[in-house]
Amino acid sequence: MQEVEKILEAVIFVSEEPVTIEEIARKLELNIDELQEALERIKSKYSNGGVILKEVAGGYKFYTAPEISSYVKKFVEDRPIKLSKHLLEVLAIVAYKQPVTKKEIETIRGRTADGAIKSLLEKRLIQVVGRKKGPGRPKLYGTTDDFLVHFGLKSIEDLPSVDLEEIFEEGMDRGSD
């Protein structure tokens, strides 16, 4: 059992992207139940340390414990994805309304979204997930696994609940940018 724990810990540690138990089981020909038990022990082992194990985007990844992250940042050149208010607005609409078209995004925001969509696609936070039936067959956008990782979410269901239309109606009523 200890060897499986060591293997699982090392694989998750060296993986740049979240790694799934199914992927580990397949690649290393290990039993999923045994891996799941080892995973629970690893989570427990790191639960009060400087590093924690989180489930994000359907897989597992090690993160710095939030309470000490300010200290660690002094030693790491962190280049976080910079998101302006405009990008965050469009990203929020995509996250909460997906799959969503550019026209639907623009209707909610009350302004164009071309540049924001292009930028979010380049940052790999959104992707084209299909095409809507109907005239012109417009592209449908949705979030990516990189979005989940960036925001530390296990799945899209972990987003807090909000009413986007209400938020943007209030903003338009105040004449915000």
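Computed from a predicted model, the values in this text were never measured in an experiment.

What counts, and at which threshold
Sequence order as written defines residue numbering, which begins from 1 separately in each chain. Confidence filtering applies because this is a predicted model: local features only for residues at pLDDT of at least 70, side-chain atom pairs given and counted only at 80 or more, and all residues used for totals across whole chains, interfaces and linings. Side-chain measures here rest on the full set of heavy atoms in the structure, leaving out hydrogens and waters. Comment: elements are numbered from the N terminus, with helices defined as DSSP H or I runs of at least four residues and strands as E runs of at least two. Accessibility here uses a 1.4 Å probe with only protein chains present; expressed as a share of the type maximum, an area under 20% marks a residue as buried, one over 50% as exposed, and anything in between as partly exposed. The contact criterion used throughout is that any non-hydrogen atoms of two residues lie within 4.5 Å. Exposure was quantified through the Shrake-Rupley algorithm and a 1.4 Å probe, taking into account, for residues, occlusion by the shown protein chains and nothing else. The term salt bridge refers to a side-chain nitrogen of Lys or Arg lying within 4 Å of a carboxyl oxygen of Asp or Glu. Each pair of aromatic rings taken from Phe, Tyr and Trp, with Trp reduced to its six-membered ring, is defined by centres within 6.5 Å and is described as stacked if the planes are under 30 degrees apart, edge-to-face if over 60, and tilted in the remaining cases. The axes used here are C-alpha line fits, helices contributing only the stretch in contact, and every angle between their N-to-C directions lies in the interval 0 to 180 degrees. In this scheme, roughly parallel covers angles under 35 degrees and roughly antiparallel covers those over 145, while 65 to 115 is roughly perpendicular and the rest are oblique. For any pair of crossing helices, the crossing counts as left-handed if the nearer helix is rotated counterclockwise from the farther one by less than a right angle, and right-handed if it is rotated clockwise. Ten residues, namely Ala, Val, Leu, Ile, Met, Phe, Trp, Tyr, Cys and Pro, are considered nonpolar, four, namely Asp, Glu, Lys and Arg, are considered charged, and the remaining ones, Gly among them, are considered polar. A pair of strands is treated as paired once DSSP finds two or more bridges between them.

K.L.:
How should the overall build of the protein be read in this particular structure?
P.N.:
A count of helices and strands for the protein gives 9 helices and 4 strands. Traced from its N-terminal end to its C-terminal end, the protein shows the element sequence α-α-α-β-β-α-α-α-α-β-β-α-α. Buried residues in the protein amount to 33% of all 177 residues. A separation threshold of at least 6 residues defines the contact pool for the protein, and within that pool the share at least 24 residues apart is 52%. Split by element, the accessible area of the protein, about 11,400 Å² in all, is 52% carbon and sulfur.

K.L.:
I would appreciate a short explanation of the side chain of T101 in the present structure.
P.N.:
Of note, T101 is situated in the loop between α5 (85-97) and α6 (102-109). Since its relative accessible area comes to 3%, T101 is described here as buried. Once residues lying within four places of it in the same chain are set aside, the contact partners of T101 are K132, P138, K139 and L140.

K.L.:
What's the story with the pattern of salt bridges in this structure? I'm lost.
P.N.:
One side chain can pair with another of opposite charge once the charged atoms of both are near each other. In the structure shown here, the tally under the stated rule is 13 salt bridges. K85 is paired through a salt bridge with E89; the nearest N and O atoms lie 4.0 Å apart. Pair noted here: K85 and E89 are both in helix α5, with a separation of 4 residues, about one helical turn. Owing to a relative accessible area of 14%, E89 belongs among the buried residues under this scheme. Through salt bridges with shared partners, one network takes in K85, E89, R109 and R111.

K.L.:
Explanation requested: the packing of aromatic side chains in the structure shown.
P.N.:
Each aromatic ring pair is described using two quantities: the centre-to-centre distance and the angle formed by the ring planes. Per the stated rule, a full pass over the model turns up 2 aromatic pairs. A ring pair is formed by Y46 and F62, whose centres lie 5.1 Å apart and whose planes are at 65°; its orientation type is edge-to-face. Linking Y46 in helix α3 (residues 32-46) with F62 in strand β2 (residues 59-64), this pair joins segments that are 16 residues apart in sequence. For the residue pair Y46 and F62, the accessibility class agrees, reading buried in each case. Relative to F151, the ring of F147 lies with its centre 5.0 Å away and its plane at 50°, an arrangement referred to as tilted.

K.L.:
Where do I start with the packing of helix α1 (residues 2-14) against helix α2 (residues 21-28) in this structure?
P.N.:
What describes two packed helices is the angle between their axes and the distance between those same axes. Axis separation between α1 and α2 bottoms out at 12 Å; the angle between their running directions is 115°. Between α1 and α2, the interaxial angle falls into the category roughly perpendicular. Of the two possible hands of crossing, α1 and α2 adopt the one that is right-handed. Taken together, the residues of α2 that come into contact with α1 (itself represented by I7, L8, V11 and I12) are I21, I24 and L28. Along the lines of polarity and charge, the residues of the contact of α1 with α2 split into 7 nonpolar, no polar and no charged.

K.L.:
Hey, could you run me through the pairing of β2 in this one?
P.N.:
Each regular strand carries side chains that alternate between the two faces of the sheet. Summarising the sheet, strand β1 (residues 51-56) and β2 pair through 6 bridges and their orientation is antiparallel. Following the sheet pairing, L53 is matched in β2 by F62. Here β1 folds back onto β2, and the loop between the two strands holds 2 residues, one of which, A57, carries a positive phi near 50°.

Nothing here speaks to function; it is all geometry.
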